Amino acid sequence: MPLIALDTAIADTRRWLERAVIGLNLCPFAKAPHVKGQVHYAVCSGGGRAELLAALRAELQALAAADPEQRETTLLIVPDQLADFLDFNDMLDDAEALLDELGLAGVLQIAPFHPRFQFAGTDPDDITNATNRSPWPTLHLLREASVDRAVEAFPEAEAIYETNMATLEKLGPRGWAALGVGPSARADDEPTR
C-alpha cells in the first residue's frame, strides 16, 4: 500500500482541529495550545504495530520531557494502518500498557480519534460519533496536569459531552460533510515513495 505523505496527514489533521474541534468548540481547551503553537504533530507512516508502538513510546517520552510552554500536547497521526476501527480500538490496550510500562500513567493520557470512530451502543452512521472522528487514526497525547487545570477552569466539564452531542445533531451529516474535515487524499491516490 502506498504511503500517505507526511505533510498531507498533518495538513488534514490541522484542518480538522481548526474547523471541527476548535471551530465547533468540541473541546473548549483546544484553542489556546493551538494558538500558542504548543501542539506537536507527529506521523507514524508505514510499518506495523511494532513501529507504531515504537513511535508512540518516543512521542510519550518526548512530551513528558518537553517544557509545557513549548509542547503542551501531541497528535500522533497514523495514516497508513489501523483503518479498521476495531483494530484501532484493540491497539489502544497496547498503548495504555505502554503508558504504564513507561511510568507515565497519571502523568499523560491517550485520547483516541479515528475516521470510523463509533461509541458503544450507537449505529455507525450516528452523527454523534463525529465528536471523535478525525481524518486519520490519531492518538492524542495529553498532560494530566493540563487536563486537571482545564477541568478546574471549566466548572461543568461533564456537560461538554452532552453539548457536543447536541451540536452535532443540530449540524447533521450534511453540515459535518460541509466542514471538509476528512482526508484530502486516500492511500491509493498518493504516489509511492
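Since we're looking at a predicted model, the values are computed, not measured.

Participant: How would you explain the pairing of strand β3 (residues 108-113) if you had to name every residue and give the values?
Facilitator: On a regular strand, one side chain projects to one face of the sheet and the next to the other, so that they alternate. Among the six residues in β3, five count as buried, and that is most of the element. Across six bridges, the pairing between β3 and strand β4 (residues 138-143) is antiparallel. Looking at β4, one finds that Pro112 is bridged to Leu139.

Participant: Pulling in residues and values, what's your account of helix α3 (residues 49-65)?
Facilitator: Its 17 residues place the ends of α3 24 Å apart at the C-alpha level, agreeing with the 24 Å of an ideal helix rising 1.5 Å per residue. Looking at α3, one finds that the buried residues are Leu52, Ala55, Leu56, Glu59, Leu60 and Leu63. For α3, the arc enclosing every buried residue in end-on projection is 135°, short of the 170-degree limit, so these residues lie on one face. Opposite its buried face, α3 presents the exposed residues Ala50 and Ala65, each directed more than 90 degrees away. Contacts made by the buried residues of α3 are with β1 (39-43), β2 (73-77), α4 (85-101), β3 and β4.

What counts and what doesn't
Residues numbered from 1 in each chain as written. Predicted model: local features only at pLDDT ≥ 70, side-chain atom pairs only at ≥ 80, totals over all residues. Heavy atoms only, no water. Buried < 20%, exposed > 50% of the residue type's maximum accessible area, 1.4 Å probe, protein only. Helix = DSSP H or I, 4+ residues; strand = E, 2+ residues; numbered from the N terminus. Pairing = 2+ DSSP bridges. Expected span 1.5 Å × (residues − 1). Arc of directions from axis to C-beta. Contact = heavy atoms within 4.5 Å.

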